[in-house]
Amino acid sequence: MPPFDPELGAFLAALGEGAREPLTPANLAHRQARDAETRPRPTLAELRADGRFEVDESRVPGASGGRDVTLVCARPAGVTGPLPLLYYLHGGGMVMGNAWSVLPQVLREWALPLELAVVSVEYPLAPDARYPEPLEGCYAGLLRMVADADALGIDADRIIVGGKSAGGGLAAALALLTRDRGGPTPIGQLLLCPMLDDRDDTFSGRQLAGVDTWDRTSNTTAWRAALGDRYGAADLPPYAAPARARDLAELPAAYIEVGSAETFRDEGVAYANAIWQAGGRAELHVWPGAFHGFDTLAPRAALSRDARDARLRWLRRTLTQSQP
C-alpha cells in the first residue's frame, strides 16, 4: 500500500476508525439521514456573506418527466459584464450531499478571485433517483443556464463543468453527453477525485480496500444504489460511468486529480491517459500520500493547500486562454 503523507496520515489516525466506516446497503438509509441532518446547508442570506455575493435559486424541470432540479446561482456582487460560469456538481457518492454546502468555499476560493459566476446543482440522489435522472437533470440545468445567459449575465461561451467525487463523475458524464447531443460546449472540465467506474475492479480499489476513507465497499454500495439493475451491465452507457467511454475525442480540456492512496487513483489516471490517447488535453495531478477527500478533511495540511493552489491556477489559465 502506498504510504500516507505524514501530515495527512496523522490527521486520519486522530479521527479514528469511524472516519473509515464503509457505506453498506444495511447502513445506507441511516447514513443518508445522518448526512441530511448534519451536513451544512447555508441559507441564501448566509451565502450572500454580507453583500459580497449575489445568490438566488431557480428550478428547472427535469428531462423526460424527471423531478425538478434546483440551481443555486451565485456571483461576486458589483461585477459588471457577462461572467464565465463554473457549473458545479457536489460530491457524496451520488447518495449524499447538497448544493448549498459546497458553495462557501467555492465562492471564496474561486468565484471571488476569478470573477466567476457559479451554479451549484441540487440533483436528485440515489437510490430514490437512478441513472439517467440525475444526469438528465444536470443537463437540463446546463441548457437553462445557456438559454438565459444574457439575462443572467453569463458568458455562454466560457463555461466550465466541474465537481468532486460523484460530482466529478457527473461532470465527466455531462461533458460526454453534451458533446454527443450537440449541446453547449464547455471550455473545461474540473474533475476532482472523480467517481468514474462502476466496475470497481482497479488495482487501487483492491489495494485501498478497508483503508481509504471511501473504499471499495462504499463504492460498490453507491454504484448499486445509483444504477439499480443496470449495475455492472456489459452495455452500460458511458454517460452512466464515464470510464466505460471508448471515444474521448473532442472533449473540453480536463483537470483531473486523485491521491496516490485513494480508491479512485487508477481510474482517474486511466481517464487522463485515455484523453491524451484521443488527442485531447488533460492536466493530471496525483497527490502523493493523499486519501479520498483529503483536502476537505484536512484543509490546513500542506498537501491540501498545494492542491487548492493547483486548481486555482488551472482555472485561471483556462479562463484566460478562452478570452476573446
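For the structure itself, look to the data block above.
Everything quoted here is computed from the prediction, not taken from an experiment. (Residues numbered from 1 in each chain as written. Predicted model: local features only at pLDDT ≥ 70, side-chain atom pairs only at ≥ 80, totals over all residues. Heavy atoms only, no water.)

Visitor: Which residues make up the environment of R244, and what are the values?
Guide: Inspection of the secondary structure puts R244 in the loop between α9 (216-227) and β7 (253-259). Along the primary structure R244 and A234 are separated by 10 residues, whereas in three dimensions their C-alpha atoms are 9.5 Å apart. Excluding residues that lie within four positions of it along the chain, R244 makes contacts with D198, R199, G232, A233, A234, L236 and P238. Of note is the side chain of R244, whose polar atom sits 2.9 Å from the side chain of D198. (Helix = DSSP H or I, 4+ residues; strand = E, 2+ residues; numbered from the N terminus. Contact = heavy atoms within 4.5 Å. Polar contact = N/O pair within 3.5 Å; in protein donor to acceptor, adjacent residues only side chain to side chain.)

Visitor: So what about the packing of helix α4 (residues 103-114) against helix α12 (residues 302-321)? Which residues, and what values?
Guide: The contact between α4 and α12 brings their axes to 11 Å, and the two run at 40°. Between α4 and α12, the interaxial angle falls into the category oblique. Taken as a pair, α4 and α12 cross one another with a handedness that is right-handed. Across from Q105, E109, W110, P113 and L114 in α4, the residues of α12 making contact are R308, R311, L312, L315, R316 and L319. In the contact of α4 with α12, the residues fall into 6 nonpolar, 1 polar and 4 charged. (Axes fitted to C-alpha atoms, helices over the stretch in contact; angles between N-to-C directions. Parallel < 35°, antiparallel > 145°, perpendicular 65-115°, else oblique. Left-handed = near helix turned anticlockwise from the far one by under 90°. Nonpolar A, V, L, I, M, F, W, Y, C, P; charged D, E, K, R; others polar.)

Visitor: Describe the layout of surface pockets, naming the residues involved and giving the relevant values.
Guide: Taken as a whole, the largest pocket holds about 1400 Å³ of empty space. Around the largest pocket, the lining comprises 40 residues; the ones closest to its centre are D35, R39, G293, T296 and L297. At the level of secondary structure, the elements contributing two or more residues to the lining of the largest pocket comprise α2 (28-38), α4, α11 (294-297) and α12. When residues of the lining of the largest pocket are assigned to their parent elements, the largest contribution, 6 residues, is made by α4. (1 Å grid on protein atoms, 1.4 Å probe; cavity = no way out; pocket = protein on both sides within 12 Å on 5 of 7 lines; lining within 4 Å. Points joined across faces, edges and corners; volume = space filled by probe spheres on them.)

Visitor: Could you give me a rundown of the pattern of salt bridges, with the residues and numbers involved?
Guide: Tallied over the entire structure, the rule returns 19 salt bridges. For R179, the salt bridge goes to D247, with nearest N and O atoms at 4.0 Å. With R179 in helix α7 (residues 166-181) and D247 in the loop between α9 and β7, this pair connects stretches of sequence that are 68 residues apart. Owing to a relative accessible area of 24%, R179 belongs among the partly exposed residues under this scheme. Residue classification places D247 among the partly exposed positions, given a relative accessible area of 43%. (Salt bridge = Lys/Arg side-chain N within 4 Å of Asp/Glu carboxyl O. Buried < 20%, exposed > 50% of the residue type's maximum accessible area, 1.4 Å probe, protein only.)

Visitor: So what about empty space enclosed by the protein? Which residues, and what values?
Guide: Using the criterion set out here, one finds 2 cavities of 30 Å³ or more in the structure. Taken as a whole, the largest cavity holds about 140 Å³ of empty space. As for the largest cavity, its lining consists of 18 residues, and the residues nearest its centre are M94, Y131, L170, W223 and A240. Elements supplying a minimum of two residues to the lining of the largest cavity: α5 (133-147), α7 and α9. Of the residues that constitute the lining of the largest cavity, the class distribution is 16 nonpolar, 1 polar and 1 charged. Empty space within the second largest cavity amounts to approximately 40 Å³.

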